[in-house]
Amino acid sequence: TFEGSNYNFIATSETQIVLSAEDNGAGVDKIIYKIDGGKEQSVNKKVKKIKVGSLKTGKHTLEYSAVDYVKNQEKWHKVEFRHDSAPPDVELLVKGGEFRQDDVVYVSNAAILRIESTDDQAGVDTTFLRIDDNPDIPYTQPFSPPQVEGVHWFSTIITDRVSNQRIYKRKLFIDASPPATDFRLDGASYWNGDTAIIRKETKIVFSATDLESSVKTIWYCMDSLPCQIYEKPIQIEKDGNYKIVYY
C-alpha cells in the first residue's frame, strides 16, 4: 500500500510504499523484494517501508513476497508505479493588449487573462488565483485584470493530484492610457488655418510617447490609401491637397 500522497499508482517523493505480511502458522520470517528487476533484498520484519523519493523519477516495477519460519514462500506479487516529483507547469496567457519587458507584464485594462496549467503525470488537481493582497480564490475561467492603472501582483498556486505544488508570481502593469502622438514639419512650411503648405523637400516627422508600456508602432494613412507603419520621415513629391491621419 501507499502511505502518503498518491493517485492511480503515481506517488510523490515523500510517499512511502508499505510492504506488510501476516502468517497464522509459523509466522513471518522475512519480506523479500526487488525493484526494477534488480538485486533481491530481504528484511527480517513483518513491515517494510520504501521511500519513493529514494528512487529516480519515472516509472518503476516492484516485486515482493514473504517467507515464513519453515521456508514457505508465497508467490511473487508485482506492481508498477510512477515517481512524480515535478510540480505542474503554468503560464499566464493574455488575450488583448500585452507587452513584456524584464519581469513586468504590461496589459491593457481591456485584456482577458487566462491561466494555463498542465501536468503530464498525475494531472492538475487545483488552481488558486490571487491579485495583490486579496484572498486566494479558485480559478475557474478567464478573467479581466484590475481596472486601476498601475502595478499589481498576480500569483497562482497550482497543485497536482499527488500534492506537488508550483507557486507562480508575476508583476502586472495595467496600462489604460493610449499613447500621445504628434508630428512636426522639418523644412519649409506655412500654415493656412488648419492646412499646412509645404515643399516637396519638407519632411513630415511623427512621434509618440507612452509613459507606461512605451510605444509599439505609429501608423499613418494618406487619403484613401491603405494605412502603413511609420518607419522614417515622409516626403510628398506631387503637388496637390492631401489628408493624413495618424495614430
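These numbers come from a predicted model, not from an experiment. (Residues numbered from 1 in each chain as written. Predicted model: local features only at pLDDT ≥ 70, side-chain atom pairs only at ≥ 80, totals over all residues. Heavy atoms only, no water.)

### Points about the environment of tyrosine 69
Here is the rule we go by: Comment: elements are numbered from the N terminus, with helices defined as DSSP H or I runs of at least four residues and strands as E runs of at least two. For each residue, the accessible area found with a 1.4 Å probe, counting protein chains only, is set against the maximum for its type, and the residue is called buried under 20%, exposed over 50%, and partly exposed in between. It only takes one pair of heavy atoms within 4.5 Å for two residues to be counted as in contact.
Tracing the chain through its elements places tyrosine 69 in the loop between strand 8 (58-68) and strand 9 (77-83). In this structure tyrosine 69 comes out as exposed when scored by relative accessible area, which is 52%. Between the alpha carbons of tyrosine 69 and tyrosine 33 there is a distance of 17 Å; along the sequence they are 36 residues apart. Those residues in contact with tyrosine 69 that lie beyond four places of it in its chain are Ala26, Gly27, Val28 and Asp29.

### Some words on the sheet that holds strand 11 (residues 98-101)
To keep it simple, the criterion reads: Following DSSP output, two strands are said to pair if at least two bridges run between them.
Taken in spatial order, the 6 strands line up as 11-12-17-16-14-15 in an open sheet, and their pairing is mixed. Each end of this open sheet is capped by a strand with a single partner; those strands are strand 11 and strand 15 (137-138). Summarising the sheet, strand 12 (residues 104-108) and strand 17 (residues 165-175) pair through 5 bridges and their orientation is parallel. Counterpart to serine 108 in the pairing with strand 17 is aspartate 175.

### So, the sheet that holds strand 2 (residues 6-7)
Spatial ordering of the open sheet is given by 2-3-9-8-5-6, a layout of 6 strands whose pairing is mixed. Across the chains shown, the open sheet's two edge strands, defined by having one partner strand only, are strand 2 and strand 6 (41-43). As judged from the 2 bridges shared by strand 3 (residues 10-11) and strand 9, these two strands associate in the parallel manner. Residue isoleucine 10 lies in a different strand from strand 9, and its bridge partner there is arginine 82.

### A word on the nonpolar core
Under the convention used in this document: We call a set of buried residues a nonpolar core when its members are Ala, Val, Leu, Ile, Met, Phe, Trp, Tyr or Cys and they connect through side-chain atoms within 4.5 Å of each other.
One finds Val107, Leu113, Ile115, Leu129, Phe143, Phe154 and Leu172 to be the most contacted residues of the largest nonpolar core, which totals 17 residues. Taken together, the elements giving at least two residues each to this core come down to strand 10 (89-95), strand 12, strand 13 (112-118), strand 14 (124-131), strand 16 (150-160) and strand 17. Setting aside residues no more than four positions away along its own chain, valine 107 makes contact with Val94, Gly97, Leu113, Pro145, Phe173, Ile174 and Asp175. Judged by nonpolar contacts, the second largest core, of 15 residues, contains Leu19, Val43, Ile50 and Val52.

### Brief notes about unusual backbone geometry
A positive phi angle, close to 50 degrees, is found at asparagine 8, a residue other than glycine. Positive phi values are uncommon outside glycine, yet aspartate 223 reaches one of about 50 degrees. Structurally, aspartate 223 can be placed in the loop between strand 22 (219-222) and strand 23 (228-229). Residue aspartate 223 is classed as partly exposed on the basis of its relative accessible area of 44%.

### Thoughts on the pairing of strand 8
As a general feature of sheets, a regular strand has side chains that alternate between the two faces. Counted residue by residue, strand 8 has 9 buried out of 11 residues, so it is predominantly covered. The pairing of strand 5 (residues 28-35) with strand 8 spans 7 bridges and is antiparallel. Across the sheet, the residue bridging to valine 28 is aspartate 68, located in strand 8. As paired strands, strand 8 and strand 9 are joined by 7 bridges and run antiparallel to one another. Residue pairing in the sheet places glycine 58 in a bridge with histidine 83 of strand 9.

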